[in-house]
Each structure stands twice: as C-alpha cells, then as structure tokens.
Amino acid sequence: MARLPVIVVLCLLFPSAYAQQNTANTAPPAAQSCVACHGAQGQGTGSYPHLAGLGEAYFKRQLDAFASGERVNAIMKPIASGLSEEQRQALAGYFSALAMQPGGGQAGEAPTGPGRELALHGRWQQDLPACVQCHGPGGLGIGADFPPIAGQPAGYLRNQLKAWRSGDRPAGPQGLMGHIAEQLDADDLKAVAEYFASLPAAKEANNE
Amino acid sequence: MSRSLAIVIAGSVLVAGVAWSLATLLTGGTEDYRERFASESAPASEAGSSAAGQPSSPSSSQAPSPQTATAAPSTEPPPRSAIPDNQFGDLVRQGERIFNDTGQYADAYAGNDLSCQNCHFDGGRYNKTAPLRSAWPMYPAYRGKNQHVNDYAERLQGCFIYSMNGKAPPRDGEVIQALQAYSFWLAKGMPTGEEPEYRGFPNVAEPPEPPSFGRGETVFQANCALCHGENGQGQKAADDSMGFPPLWGEGSYNWGAGMHRVNTAAAFIKAAMPLGKPDLTDQQAWDVALFINSHERPQDPRFNGSVQETGERFHQHQGQYGKTVDGRVLGENAPPSGTVP
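This is a predicted model, so every value here is computed, not measured.

Visitor: Can you walk me through the overall build of chain A in this structure?
Guide: Helix and strand counts for chain A come out as 11 helices and zero strands. Seen in sequence order, chain A has helices and strands lined up from the N terminus as α-α-α-α-α-α-α-α-α-α-α. A buried classification covers 38% of the 208 residues belonging to chain A. Partitioning the intrachain contacts of chain A with sequence separation of at least 6 by distance along the chain shows that 68% fall at a separation of at least 24.

Right, dumping it as structure tokens:
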C-alpha cells in the first residue's frame, strides 16, 4: 500500500522514465498489420524476418522504400503504402525498442565452410570485407545503419542479397551493400545466408 | 610391397630433411643477415611510400629449398586452415587473436580502442594495407624514427607505443613472441631481405591542389561519418566491442603514430577506404587525411613538456602536430599518451 505514493513521487521526479516505460511496451495500432507475419513481439515467424531490435532509422527507411516501390516486395508494398508517415515512424520506434529473446530467431549449428569464411574473414583477394566488419561480431549489428542479421531466415537473407544484385532493393547508405552483393555469386549468397541464419539473434552467448 | 613403399617414403623424408637443413645453413644465420641489411635504411615513411624501386620481380631463381620449391615466391600467405595443430600453431593462433582483437588479448599493452587489424586488413594479410608477410623478412633494419637498427620485436613494440597508444610488451613475453610467430607464419615463402612487391601502403599521387581542411570535412561527412561517427569517435557494436575504430580523440592512435602523418593516412585511405569500396580520388584522400589528422589525439610519447620542442625534434614531416587549427595548437590539449588499463 505504501508503495503507491512512492511510485507516484518517483514518476513525478523522473517524468521521462515514466513516459518511456509506458510507450515502449505499447504497440501502435498499425502494428496489427505486422504481427500476423512478423510475430506478436516482432520475433519473426517461419520465413518472415524478425523486426525486433532493428534500428529505428533503418526500419523507417525500409518502410518508405517498400511504399515507394524502390524496395520491390509484392506483400509489403500495399501494406507500407497504406501507412501514413506518422504510422511508419511509430512502427519503427516500437519494433526497434523490442529485443529479441535468447533462443529466438532461427538459431542452429553454424555451418563451417565458405559461408563462415566470407562472414568472418571476407574475401580480400576481391577486396571484399568480412560481413561482421559492418554487421558486428556474431552479426548482431552496429549502430543505426548496420542492422543485425543473425538469426534471420536464410531464405530472407538470400533474397535480400539477390535483390541488391538485381536492383530490387536500394543499394543502402553509400551504396555499400549493392557494391558488395554484385561481387558475390549464387553459391556465396546461399552459403553466407545459411551461416547467419544459424546464429542466435539475441545478444547473449554469441561472440564468435 | 608396403614395406618397400615405407622405405622409399622414409628415404625421401631423410633427403628432404638434409636438404632443408643445408638450405637453412646456406641462407645464412643472423650474423650474415645483419651485415647484409643493416646499412639499408627503412623506407622513408613507416607505411606510406613503398619507396623507390617498384618491385623488381622477386627473383625466383634463388634456389629455393626443396620444401618450398612450389611456393616461392608465394603470392599469398598460407591459408588459416593450414596453421599446424601443435605448440607452434598455438602460438601462431594466439598471435592472430592478438592482432585481431588487441584490446582483449593484449590489454596490458593496448592503450586505446584500436586493434592491429584496423589498419592492417584481413588479419595482416591484405596486400594493400601493409601486410605482415612483407614486413617480417625486412627486419632487422635501420629506422629513421629512432635512429638505430630495429629487429622485428622492437618494431612491434613501436606499434604498441604509438599506434596503440600503450606501452611496449616485453620482447620475450607472450605478446611479442606470438605476434612474431604469426608474422613468420604468414611470411612463408617470402624471400628474406628482398624488397617485396607489396609493402606498406601503395603510393598515392601528390594531390593536384594542396590538401584542404574544409574540403576534407565535406569528404569526411559524406564518406566516413556513417561508420566512424560525425566526430570521428567510432562506433560500438551490439556486443559492446569496438565496431568501427575512432579516428581521433583519446581512443585513437597518438601523435607519434605513423598514421598521424598526412601522407601516410592519404595512402591508406586511397587504398582502402571506404571499407570494401575505396573510391575516393587522390585529392579527396589527401583532403580527408588532413582533416582527420588535424584533430587532437593522445600526446606524442616523446613529449618533453613543450609542444614546440617536441615538434621541432620529432615532427619534421607532413603532420599537423604543433600547427594551429581553429585557433588551437594541436598537441597542446592532447589526452595523455601510454594509457593502459
């Protein structure tokens, strides 16, 4: 009973903390159109990628690109087009604040071989950096512009690399991914996609 | 049948072994080597100009030992998978770990947020970023920087003092021993003492116009800030490790490091940056090198209390130490050097 006044006082003292806690956990109404495929907590389902923990700016850019058709996707185009600017921003804020749970994603045993080699060491004879140099150790992402890729469905990752090659996805900041994908062949795409799909999507216990 | 086969194999092994020892003897011990190369000075800049003489094609006629007959002169270092599974291999692997994650595996000697591989890509294998396999066979060598003949261990210690803003690991300790083993491993098949095809960073042509801080800032914000941050502070990865290295400030290389020289940085940037898509013009590389190296960074370890004197004594080269930028003398507000945990 005595707790209530304490909480009230604390919330008055730290209004921002109160507000943050309150909004972070509340799904904006528009999230209804996401969760059927991407999971109630944005954790992904089947071949649909997880959204939880993707950077806010990155997330918003993707919705904008789906809507404009720059990122070609028959399912996402009508959905993103139907969202207002504010709704896209709200979704980006919501899903970026969710975290992947340990054991989430598609984690399995990481394959050894060329996919792992490319992921961890790149292929510098072709001036290709390692994936983890920009996507971080374990593919868990770096900052706002280099999204986590660990634990995403292999088919999804592979399709993105293909889309960069075919021009069905914007080449990304400074054209980096477009340039990299151009130098990969079909076997590379498959191998590297399978490698990252097998890694745990959550931050714990993953530091290869 | 199988017995005669075994004899043949044993015989070949014996012959190869004898030939190998002979070849080792003939290529000379340390004494010979010192005499032959002590008089040659190290290239003008640590890693910058690959100096005069474009590689006269490495002479392959120099009777390689039987074991390396097919590999010399090698065009690539041996693959990671070939590191042997024995004590030597363990030391090589430890060297590779130190090289790639210096702050974690040599934390007592690394004073900033950098790792060796930040400047020497692909674990020191990449030809365009001062590969280790080209450095190993060129020491001992005279270095203008400290005006005496340095062996490889001392050269490595220099990296820790300057580029890593730390302190020198003891030469007989694990860090130096492991890094030497790793370098030696990568240099398999490289001719000792012959100027290698790739050494340091490739030369960058002089810029059409003198480097400009203002233009450099524009280049930086458009091409570098995405990863290194708007203030050059670098970016941490999701696991809290250093994802993209800081380019100035207390977490970066100090005022004594080779990379603080504008020409060296320009050469590196031209060859290697932005990562995976190095497409800057010569002018842009020089401009942004000047911009990056016109920011405060940890003090020169040789600092004697006076920026002016330290500058006169140790900075007669293309660097910004002691110069005034934005009304402040670079070096006057430098964070301390040699900060180790």
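Visitor: Where do I start with the overall build of chain B in this structure?
Guide: Counting its regular elements, chain B contains 13 helices and six strands. When contacts within chain B are restricted to residue pairs at least 6 apart in sequence, those whose partners lie at least 24 apart make up 70%.

Visitor: Please clarify how helix α11 (residues 186-197) of chain A should be interpreted in this entry.
Guide: Given 3.6 residues per helical turn, the α-helix brings residues three or four places apart onto the same face. Residue and element names in this part refer to chain A. Between its terminal C-alpha atoms α11 stretches 17 Å, which fits the 16 Å expected from 12 residues at 1.5 Å a residue. Buried within α11 are the following residues: Leu189, Ala191, Val192, Ala193, Glu194, Tyr195, Phe196 and Ala197. As for α11, its buried residues are in contact with α7 (114-121), α8 (131-135) and α9 (154-166).

Visitor: What am I meant to see in the interface of chain A and chain B here?
Guide: Put simply, an interface is often sized by how much accessible area is lost when its parts join up. Contacts between the two partners involve 23 residues from chain A, matched on the other side by 17 residues from chain B. For the side of chain A that touches chain B, the leading source of residues is helix α10 (residues 176-182) of chain A, giving three residues. Taken together, the residues that form the side of chain A that touches chain B break down as 10 nonpolar, 10 polar and three charged.

Visitor: How do you make sense of the packing of helix α7 (residues 152-161) of chain B against helix α8 (residues 174-186) of chain B when you look at a structure like this?
Guide: Helices that pack against each other are described as a pair by the angle of their axes relative to one another and the distance between those axes. Residues and elements named next belong to chain B. Here α7 crosses α8 at 110°, and the two axes come no closer than 10 Å. Classified by the interaxial angle, the pair formed by α7 and α8 is roughly perpendicular. In the crossing of α7 with α8, the sense of the turn from one axis to the other is right-handed. Along its contact with α7, which presents Tyr152, Ala153, Leu156 and Gln157, the element α8 presents Ile176, Leu179, Gln180 and Ser183. For the contact of α7 with α8, the per-class residue count stands at five nonpolar, three polar and no charged.

Visitor: Looking at this model, I keep getting lost on the domain arrangement of chain B. Mind explaining?
Guide: Residue and element names in this part refer to chain B. The domains assigned to chain B are domain 1 (30-47 + 78-198) and domain 2 (213-329). Computed from C-alpha coordinates alone, the two centres of domain 1 and domain 2 are separated by 23 Å. The interface of domain 1 with domain 2 comprises 15 residues on the first partner and 20 residues on the second. The residue inventory of the side of domain 1 that touches domain 2, partitioned by class, reads six nonpolar, six polar and three charged.

Visitor: I keep staring at the packing of helix α3 (residues 87-100) of chain B against α8(B) and nothing clicks. Help me out?
Guide: Residue and element names in this part refer to chain B. Between α3 and α8, the shortest axis-to-axis distance is 7 Å and the interhelical angle comes to 100°. As summarised for this structure, α3 and α8 are arranged roughly perpendicular, according to the angle between their axes. Mapping the contact onto sequence places Phe88, Leu91, Val92, Gln94, Gly95, Glu96, Ile98 and Phe99 in α3 and Val175, Gln177, Ala178, Leu179, Ala181, Tyr182 and Trp185 in α8. Here the contact of α3 with α8 is built from residues that sort into 11 nonpolar, three polar and one charged.

Visitor: Explain helix α13 (residues 307-314) of chain B to me, please; I cannot follow it from the model alone.
Guide: All names here are of chain B. Buried residues of α13: Val307, Thr310 and Gly311, and no others. Looking straight down α13, one finds its buried side chains confined to an arc of 100°; they lie on one side. The exposed residues of α13 that point more than 90 degrees off its buried face are Gln308, Glu309, Glu312 and Arg313.

Visitor: How should I be thinking about the nonpolar core in this particular structure?
Guide: Generally speaking, a soluble globular protein has its nonpolar side chains buried in company with each other. Counting 114 residues, the largest nonpolar core has Val192(A), Phe196(A), Ala266(B), Phe268(B), Ile269(B), Val288(B) and Ala289(B) as the members making the most contacts within it. Setting aside anything within four residues of it in sequence, one finds Phe196(A) in contact with Ala119(A), Gly139(A), Ile149(A), Ala150(A), Gln152(A) and Leu157(A).

Visitor: What's the story with the confidence of the model for chain A in this structure? I'm lost.
Guide: Should the pLDDT be low somewhere, the predicted coordinates at that spot are not to be read in detail. All names here are of chain A. Considering every residue of chain A, the mean pLDDT works out to 86; 82% of them sit at 70 or more. The secondary structure element of chain A with the lowest average pLDDT is helix α2 (residues 15-24), at 43, and the one with the highest is α8, at 97. The model gives residues 7-24 a pLDDT under 50, and that stretch makes two contacts with residues more than four places away or in other chains.

Visitor: So what exactly am I meant to see when it comes to the domain arrangement of chain A here?
Guide: Residues and elements named next belong to chain A. By domain assignment, chain A separates into domain 1 (28-97) and domain 2 (114-197). Put simply, the middle of domain 1 and the middle of domain 2, counted by C-alpha atoms, are 21 Å apart. Between domain 1 and domain 2, the contact holds 13 residues from the first and 12 residues from the second. When the residues that make up the side of domain 1 that touches domain 2 are grouped by side-chain class, the tally is six nonpolar, five polar and two charged.

Visitor: What is the right way to read the environment of Asn150(B) from this model?
Guide: All names here are of chain B. By the element assignment, Asn150 lies in strand β2 (residues 148-150). Between the alpha carbons of Asn150 and Pro278 there is a distance of 33 Å; along the sequence they are 128 residues apart. In this structure, Asn150 is in contact with Tyr139, Pro140, Ala141, Arg143 and Arg155, ignoring residues within four places of it in sequence.

Visitor: I keep staring at unusual backbone geometry and nothing clicks. Help me out?
Guide: Peptide bonds are trans in most cases, and residues, glycine excluded, mostly fall at negative phi. All names here are of chain B. Residue Pro140 is bonded to the preceding Tyr139 through a cis peptide linkage, with omega at 5°. With respect to the helices and strands, Pro140 occurs in the loop between α6 (132-135) and β1 (141-143). For the peptide bond that leads from Met273 to Pro274, omega is -10°, which places it in the cis range. Within the secondary structure, Pro274 sits in the loop between α11 (262-272) and α12 (282-292). In this model, Ala130 sits at a positive phi of 45°, which is unusual for a non-glycine residue. Despite not being glycine, Gln147 shows a phi value in the positive range, around 55°. Among the structural elements, Gln147 can be located in the loop between β1 and β2.

Analysis parameters
- Residues numbered from 1 in each chain as written.
- Chains lettered and ligands numbered in written order.
- Predicted model: local features only at pLDDT ≥ 70, side-chain atom pairs only at ≥ 80, totals over all residues.
- Helix = DSSP H or I, 4+ residues; strand = E, 2+ residues; numbered from the N terminus.
- Buried ≥ 20, exposed ≤ 12 C-beta atoms within 10 Å, placed from the backbone.
- Contact = placed C-beta atoms within 7 Å.
- Expected span 1.5 Å × (residues − 1).
- Nonpolar A, V, L, I, M, F, W, Y, C, P; charged D, E, K, R; others polar.
- Axes fitted to C-alpha atoms, helices over the stretch in contact; angles between N-to-C directions.
- Parallel < 35°, antiparallel > 145°, perpendicular 65-115°, else oblique.
- Left-handed = near helix turned anticlockwise from the far one by under 90°.
- Domains from an automatic or database assignment.
- Arc of directions from axis to C-beta.
- Core = buried A, V, L, I, M, F, W, Y, C linked by C-beta atoms within 7 Å.
- pLDDT = per-residue confidence, 0-100.

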